[in-house]
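This is what each chain is made of:
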Amino acid sequence: MSAPPTIGVLALQGDIAEHLRVLGGLGVRTRSVLRADQLDDVDGLIIPGGESTTMSKLAVRYDLMDPLRKHVGEGLPVYGTCAGMIMLADRILDGTADQQTVGGIDMTVRRNAFGRQSESFEAQVGIDGLAGDPVEALFIRAPWVESIGTDTVAIGQVSSGDRAGRIVAVRQGSLLATSFHPELTGDARIHGLFVDMVKGQA
Amino acid sequence: MSTTQENPTTSTVGTTRVKRGMAEQLKNGVIMDVVTPDQAKIAEDAGAVAVMALERVPADIRKDGGVARMSDPDMIDGIIEAVSIPVMAKARIGHFVEAQVLQALGVDFIDESEVLTPADEAHHIDKWAFTVPFVCGATTMGEALRRVAEGAAMIRSKGEAGTGNVVEATRHMRAIQGEIKRLGTLDAAELFGAAKELRAPYDVVKEVAELGALPVPLFSAGGVATPADAALMRQLGAQSVFVGSGIFKSGDPAKRADAIVQATLHYNDPEVLAKVSRGLGEAMVGINLEELDDSQRYAGRGW
């Protein structure tokens, strides 16, 4: 048996502790990542939920944006939830004028697409390749994926209502992103999928 | 039946998880009081995670006197238009109609706030009745848990708003953190006694004992004026801070806002704190609590 991988959580802002807790329950080593040199010590990275414009601004200000791009370019597995999904998008809509992203996933993501907090909701979402029931998904001022490139795979969509068919989970190679927050619902299956991706087993 | 809504059997708005989840997203970020769209932009550019839209910052409410109420809807709209980060606004304690108005305006979070003049001397707002999440102030564990029981999705220390004096926020944060530790040491029988002493529902008291934390995020507010104040509250266990008068009553708001964002993030790194504490210009003057008449103390408002 090889040593368990170390998965970092980008700790600029948002629900960092919740991701660390879920990862801890999956038997991997964890660490918070606040400086570029800490990226050298991780086998995978989670970009948490939070406010994407704030996170982007802080990543630029603390010289993390370029190192993040470099590591993603070199194949570091990264999973982004909500704001983290926006950070992984090559193109965004409804961001602020100066909002940068790390990029990596060939997709266009619309920020706050599901509306303001009064419209935030929960729903069941089936995820391709995940055994068992659909996941309970919390959408909080959440983005959706407007369009994807040929190498990107949509693995989860809203199933009913007027937003039916909207893409809310995608995968492209070693990169994974969801509009919603599995770190808040006590269902570790999507984190489990990401750990398998980090181990090269999925 | 409306066809523009999600099917209610598979999707729901305003659930407890959705409201608390929103509070979780704000953690480790700074929430700043603003009174104009221009201030809101400055706050957003400095890296605020949300802004609190209000008509007067607490320092001016103290100075001007009179009844302090919910802000003008036009003013709140102007701030919602100006920024893309979440916008919060304050309702008076117990004034559920102000809260209904704020929810209708589309604010992302409501602060049922002691900084405004209370509208009900016995009851707080039934926050379960709303889809928008609420934050409430607390000075003690009992107060915090009564607010959670009423549906608050976030608790903040009250501190003493508009004074630029962090001593009350420190007192409240230490009181709540101390009580979290104490509850963790109690057995089942003692927890029933604790619930009675705290005047809070047993289930919520038990949850705190088991979690070793409040069931909702705990922030700090009331008197934070410097980067070191923000870091102090974080080191005392606050998951983040609200800054009211401290920024826009100082000499260089943009610079101070930026410094407080950095200090909130790097709260455990004295070298960063030293760096960001330099060259900020004048801090707000501040008020010593002994100089405040009892009627001028906001932290006592709430029941």
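Residues numbered from 1 in each chain as written. Chains lettered and ligands numbered in written order. Predicted model: local features only at pLDDT ≥ 70, side-chain atom pairs only at ≥ 80, totals over all residues. Heavy atoms only, no water.

Under an unreviewed UniProt entry, the name given to chain B is Pyridoxal 5'-phosphate synthase subunit PdxS, and the source organism is Murinocardiopsis flavida. As recorded by UniProt, the Sequence similarities (unreviewed entry) comment attached to chain B reads in full: "Belongs to the PdxS/SNZ family." Word for word, the UniProt comment on chain B under Catalytic activity (unreviewed entry) is "aldehydo-D-ribose 5-phosphate + D-glyceraldehyde 3-phosphate + L-glutamine = pyridoxal 5'-phosphate + L-glutamate + phosphate + 3 H2O + H(+)". (UniProt positions renumbered as here; feature names shortened; annotations may be inferred.)

The name that an unreviewed UniProt entry assigns to chain A is Pyridoxal 5'-phosphate synthase subunit PdxT, with the source organism given as Murinocardiopsis flavida. Under Subunit (unreviewed entry), UniProt gives the following word-for-word description of chain A: "In the presence of PdxS, forms a dodecamer of heterodimers. Only shows activity in the heterodimer."

(A) The packing of aromatic side chains, seen in detail. In total, this model carries nine aromatic pairs over all chains according to the counting rule given. Aromatic side chains Phe114 of chain A and Phe121 of chain A sit 5.3 Å apart centroid to centroid with 65° between the ring planes, which places their arrangement in the edge-to-face category. Phe121 of chain A gets classed as buried once you look at its relative accessible area, which sits at 1%. Judged by relative accessible area, which is 2%, Phe114 of chain A ranks as buried. Ring pairing ties together the aromatic residues Phe114, Phe121, Phe139, Trp144 and Phe180 of chain A, which thus form one cluster. The side chain of Arg163 of chain A reaches across the aromatic face of Phe121 of chain A, ending 4.9 Å from its centre. One cation-aromatic arrangement involves Arg62 of chain B over Tyr298 of chain B; the distance from NZ or CZ to the ring centre is 4.1 Å. (Phe/Tyr/Trp six-rings, centres within 6.5 Å; stacked < 30°, edge-to-face > 60°. Buried < 20%, exposed > 50% of the residue type's maximum accessible area, 1.4 Å probe, protein only. Lys NZ or Arg CZ within 6 Å of the ring centre and 35° of its normal.)

(B) The arrangement of the interface of chain A and chain B in detail. Across the boundary between the two partners, chain A contributes 42 residues, which contact 41 residues of chain B. Here chain A packs against chain B, burying approximately 3200 Å² in sum over the two surfaces, 47% of which is carbon and sulfur. Considering only the side of chain A, the residues that lose the most area to chain B are Arg116, Gln117 and Glu122 of chain A, jointly responsible for 19% of the buried surface there. Applying the counting criterion to the chain A and chain B interface returns six salt bridges. The residue Arg17 of chain B makes a salt bridge to Glu136 of chain A at a minimum N-O spacing of 2.6 Å. Where chain A touches chain B, the interface holds 23 residue pairs in polar contact (both at pLDDT 80 or more). Contributing elements (two or more residues each) for the side of chain A that touches chain B: helix H1 (16-24), helix H2 (52-61), strand S7 (121-125) and strand S8 (135-139) of chain A. (Contact = heavy atoms within 4.5 Å. Buried area = accessible area lost by both parts, 1.4 Å probe. Salt bridge = Lys/Arg side-chain N within 4 Å of Asp/Glu carboxyl O. Polar contact = N/O pair within 3.5 Å; in protein donor to acceptor, adjacent residues only side chain to side chain. Helix = DSSP H or I, 4+ residues; strand = E, 2+ residues; numbered from the N terminus.)

(C) Main features of the sheet that holds strand S4 (residues 87-92) of chain B. All names here are of chain B. In spatial order, the strands read S8-S7-S6-S5-S4-S3-S2-S9; together these eight strands make up an open sheet with parallel pairing. Of all strands in the sheet, those with a lone pairing partner are strand S8 (218-219) and strand S9 (241-243), marking the two edges. Bridge count for strand S2 (residues 30-34) against strand S3 (residues 50-53) is four bridges, and the pairing is parallel. Paired with Asp33 across the two strands is Met52, which belongs to S3. (Pairing = 2+ DSSP bridges.)

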